[in-house]
Amino acid sequence: MGKAKKRIIYRGKNEQFTNMSRTDAILDVVKMLNEGNKEAYSLITLFGMTAEEVLEAGASYEVVKGMENILK
């Protein structure tokens, strides 16, 4: 086996994705929105979050109202 193939297999074994529950995702989205991180949009669309869920988790009304086109 070549060096490149060994590196790919090694990286695949050690850099696996962790399972994320819906509640963890909502809390991460609220934290990202408060920091102004744009990656929150990908989690919102991936989990299909509603505005009510994000507001109950602690996001500000202004932030949620500003992105109402993404939230269901």
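See the structure above.
The structure displayed is predicted, hence computed values, not measured ones. (Residues numbered from 1 in each chain as written. Predicted model: local features only at pLDDT ≥ 70, side-chain atom pairs only at ≥ 80, totals over all residues. Heavy atoms only, no water.)

Peer 1: Give a description of the overall build of the protein chain that names residues and reports values.
Peer 2: Summing up its helical and strand segments, the protein chain has five helices and zero strands in all. Scanning the protein chain from its N terminus toward the C terminus, one meets helices and strands in the order α-α-α-α-α. Here the protein chain holds 72 residues, and the buried ones make up 21% of them. Considering only contacts in the protein chain between residues 6 or more positions apart, those separated by 24 or more positions represent 42%. Surface accessibility of the protein chain: about 5700 Å² in total, with carbon and sulfur atoms responsible for 54%. (Helix = DSSP H or I, 4+ residues; strand = E, 2+ residues; numbered from the N terminus. Buried < 20%, exposed > 50% of the residue type's maximum accessible area, 1.4 Å probe, protein only. Contact = heavy atoms within 4.5 Å. Areas by Shrake-Rupley, 256 points an atom, 1.4 Å probe, with all protein chains shown as cover.)

Peer 1: Please give an account of helix α2 (residues 22–35) that cites residues and values.
Peer 2: Look at α2: 20 Å from first C-alpha to last across 14 residues, which is about the 20 Å you get at 1.5 Å a residue. Listing the buried residues of α2 in full gives Ala 25, Ile 26, Val 29, Val 30, Met 32 and Leu 33. One side of α2 carries all its buried residues, which in axial view fall inside an arc of 165°. Exposed positions of α2 whose direction lies more than 90 degrees from the buried face are Thr 23, Asn 34 and Glu 35. Those residues of α2 hidden inside the fold are in contact with α3 (40–47), α4 (51–57) and α5 (61–66). Of the residues flanking the end of α2, it is Gly 36, one or two places downstream, whose phi is positive at about 85°. (Expected span 1.5 Å × (residues − 1). Arc of directions from axis to C-beta.)

Peer 1: Can you lay out the environment of Val 64 for me, pointing to particular residues and giving the numbers?
Peer 2: Assignment of secondary structure puts Val 64 in helix α5. The buried category is assigned to Val 64, whose relative accessible area is 5%. Taking the C-alpha atoms as reference points, Val 64 and Glu 52, separated by twelve residues in sequence, lie 9.0 Å from one another. Every residue in contact with Val 64, bar those within four places of it in the chain, is listed here: Ala 51, Val 54, Leu 55, Ala 59 and Leu 71.

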